[in-house]
Amino acid sequence: MNSAQIKPGVAPNCRWSIKDTIKVFLVYVILMFVGMPVIVRFLNIILGSNIINTVGLRSLILFISLFTNVLICSYVFYIVCIEYRQSITALGLSVANLPGNIKQGIKRYVITLPLIMLAGFVINLISGYCGQAPEMQDVVRWVLEEKSIFILASLIFFGIVVAPIIEEIMFRGFLQPVLKNSFGGRYAIAVTASLFAAVHMDMFAFLQIFILGMLLGYLYEKTQTLIASIVVHILHNSLTLVFLLYFKYYLKGKVPVF
């Protein structure tokens, strides 16, 4: 199908395969969970511990995370644009009907947010009943503990700008269409949301992230662009960080679990 035959704002059918998505996510897992510790150790040997201490381990990890995410995103663009010769609109990167899609995304998020909070509250009750206190995610602990304004600002930028855009391209733009082609829209949204929740590696927050992922997948399916899902993802992460900063500076880091 040629681009002239595609309606504005409607992503063309993806030509890449499940095999391509497996390759991308395998590289992602290897780089994030195996490559990062190796790179940090390698830099520690090459540069010396004094330089690492001066720069800051968290700054270094943030930089490597940013580099890794950009690398993975570039790999996705290579597969779509070079190997399969498709436009970036195939990934949902279109600004068609921008105001309408943003409005729809925010409206759906406002409706879904109470459900996300209720899920967190229920999980907290169940874990308390079982005698297991939820552990903080690394990024939450970093925000609460970090004293450097530069590193804190870098964390915030990564959390509300970089992560939402790259994750939406990978999960909704790249993974969901290929699953839809093979198994149907509802299955694609559910599986993508499950994998999206799983990569955050937090069993206590899994249900909340899964519900958010279902909303993001629905928005992409509904609008056929990533605009609404990116805006909602940014909004959700921004509210979470505002919440954490409030408890960091006004309640001495005592964060209740929702």
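In case you missed it, the structure is sitting above this.
All residue numbers here refer to positions counted from 1 along the written sequence of the relevant chain. The model is predicted, so local features are restricted to residues of pLDDT at least 70 and side-chain atom pairs to those at 80 or more, both for listing and for counting; the totals for chains, interfaces and linings are taken over all residues. Hydrogens and water are ignored here; the side-chain numbers use all heavy atoms of the structure.

**Student:** Honestly, the pattern of salt bridges in this entry has me stumped. Any pointers?
**Tutor:** Opposite charge on two side chains permits pairing when their charged atoms draw close. Salt bridges are identified by distance alone: a Lys or Arg side-chain nitrogen within 4 Å of an Asp or Glu carboxyl oxygen. A complete count under the given rule lists three salt bridges for this structure. As a salt-bridge pair, glutamate 221 and lysine 180 come within 2.7 Å of each other at their nearest N and O atoms. Of this pair, glutamate 221 sits in helix α8 (residues 206-223) while lysine 180 sits in helix α6 (residues 149-183), and the two are 41 residues apart along the sequence. Buried, partly exposed and exposed residues are distinguished by accessible area as a fraction of the type maximum, computed with a 1.4 Å probe on protein chains only: under 20%, between the cut-offs, and over 50%, respectively. Accessibility expressed as a relative area gives 25% for glutamate 221, which makes it partly exposed. Starting at the N terminus, helices and strands are each numbered in turn, a helix being any DSSP run of H or I of at least four residues and a strand any DSSP run of E of at least two.

**Student:** Explain the packing of aromatic side chains here, please?
**Tutor:** For any pair of aromatic rings, geometry is given as the distance between the ring centres together with the angle between the planes. In this scheme Phe, Tyr and Trp rings, the latter by its six-membered ring, pair at centre separations within 6.5 Å, and the angle between planes marks the pair as stacked below 30 degrees, edge-to-face above 60, and tilted otherwise. Within this structure, the stated rule accounts for five aromatic pairs. Measuring from centroid to centroid gives 6.4 Å for phenylalanine 206 and phenylalanine 210, while their planes differ by 5°, and the two rings are stacked. On the criterion of helical spacing, the pair formed by phenylalanine 206 and phenylalanine 210 is a turn pair, its members being four residues apart in helix α8. Of the aromatic side chains, those joined through ring pairs into one cluster are Phe25, Phe171 and Phe196. Either the NZ atom of lysine or the CZ atom of arginine qualifies as a charge over a ring when it sits within 6 Å of the ring centre and within 35 degrees of the ring normal. Over the ring of phenylalanine 196 we find arginine 172, and its NZ or CZ is 4.5 Å from the ring centre.

**Student:** Help me understand the packing of α6 against α8 in this model?
**Tutor:** Axis lines are fitted to C-alpha atoms, over the contacting stretch for helices. Their N-to-C directions set the angle, which ranges from 0 to 180 degrees. Where α6 contacts α8, the two axes come as close as 11 Å, and the packing angle between them is 70°. With respect to each other, α6 and α8 are oriented roughly perpendicular. The hand of the α6/α8 crossing is right-handed. Between α6 and α8, the residues in contact are Glu168, Arg172, Gly173, Gln176, Pro177 and Lys180 and Gly213, Leu216, Gly217, Tyr220 and Glu221, respectively. Charged residues are taken to be Asp, Glu, Lys and Arg, nonpolar residues to be Ala, Val, Leu, Ile, Met, Phe, Trp, Tyr, Cys and Pro, and polar residues to be all remaining types, Gly included. Its residues assigned to classes, the contact of α6 with α8 comprises three nonpolar, four polar and four charged. Comment on the angle field: the value is read as roughly parallel under 35 degrees, roughly antiparallel over 145, roughly perpendicular from 65 to 115, and oblique elsewhere. Crossing chirality is assigned from the near helix's rotation relative to the far helix, an anticlockwise turn below a right angle marking it left-handed and a clockwise turn marking it right-handed. Pairs of residues are marked as contacts when any of their non-hydrogen atoms sit within 4.5 Å.

**Student:** What is the right way to read unusual backbone geometry from this model?
**Tutor:** Trans is the common state for peptide bonds, and a negative phi is the common state for residues other than glycine. A positive phi angle is found at asparagine 97, which is not glycine, with a value near 50°. Along the chain, asparagine 97 falls in the loop between α3 (57-83) and α4 (98-129). You will see that methionine 201, though not glycine, has its phi angle at about 50°, which is positive. Note on placement: methionine 201 falls in the loop between α7 (185-198) and α8.

**Student:** Before we go on, may I ask you to explain a nonpolar patch on the surface in this structure?
**Tutor:** Patch construction takes residues with relative accessible area above 30% that form no salt bridge. Like charges are linked within 9 Å, and nonpolar side chains (Val, Leu, Ile, Met, Phe, Trp, Tyr) are linked within 5 Å. Shrake-Rupley sampling with a 1.4 Å probe provides the accessible areas, and residues are treated as covered by the protein chains on show and by no other component. A cluster of nonpolar side chains, Leu26, Val29, Ile30, Phe33, Val34, Val38 and Met201, forms an exposed patch at the surface whose accessible area comes to about 660 Å². With respect to the element layout, leucine 26 can be found in helix α1 (residues 18-47).

**Student:** Please explain α8 as it appears in this structure.
**Tutor:** Residues lying three or four places apart along an α-helix face the same way, a consequence of the helix completing one turn every 3.6 residues. Any helix carries an expected span of 1.5 Å times its number of residues minus one. Counted at 1.5 Å a residue, the expected span for α8 with its 18 residues is 26 Å, and the 25 Å between its end C-alpha atoms agrees. Where α8 ends, the next residue or the one after it, glutamine 224, has phi of about 65°, a positive value.

**Student:** Could you clarify how one ought to interpret the nonpolar core in this entry?
**Tutor:** Taken as a class, soluble globular proteins show a tendency for nonpolar side chains to be buried jointly. Among buried residues, the Ala, Val, Leu, Ile, Met, Phe, Trp, Tyr and Cys ones that are joined through side-chain atoms within 4.5 Å form a nonpolar core. By size, the foremost hydrophobic cluster in this structure holds 57 residues, and its most contacted members are Trp16 and Phe174. Of all elements in the fold, only α1, α3, α4, α5 (138-145), α6, α7, α8 and α9 (227-250) reach the threshold of two or more residues within this core. Counting residues per element, this core draws most heavily on α6, at 14 residues.

**Student:** Any chance you could explain the side chain of threonine 192 here in plain terms?
**Tutor:** Along the chain, the position of threonine 192 falls in helix α7. Take threonine 192: its relative accessible area is 0%, and that puts it in the buried class. Among all residues touching threonine 192, those that are not within four sequence positions of it are Phe171, Arg172, Leu175, Gln176 and Leu179.

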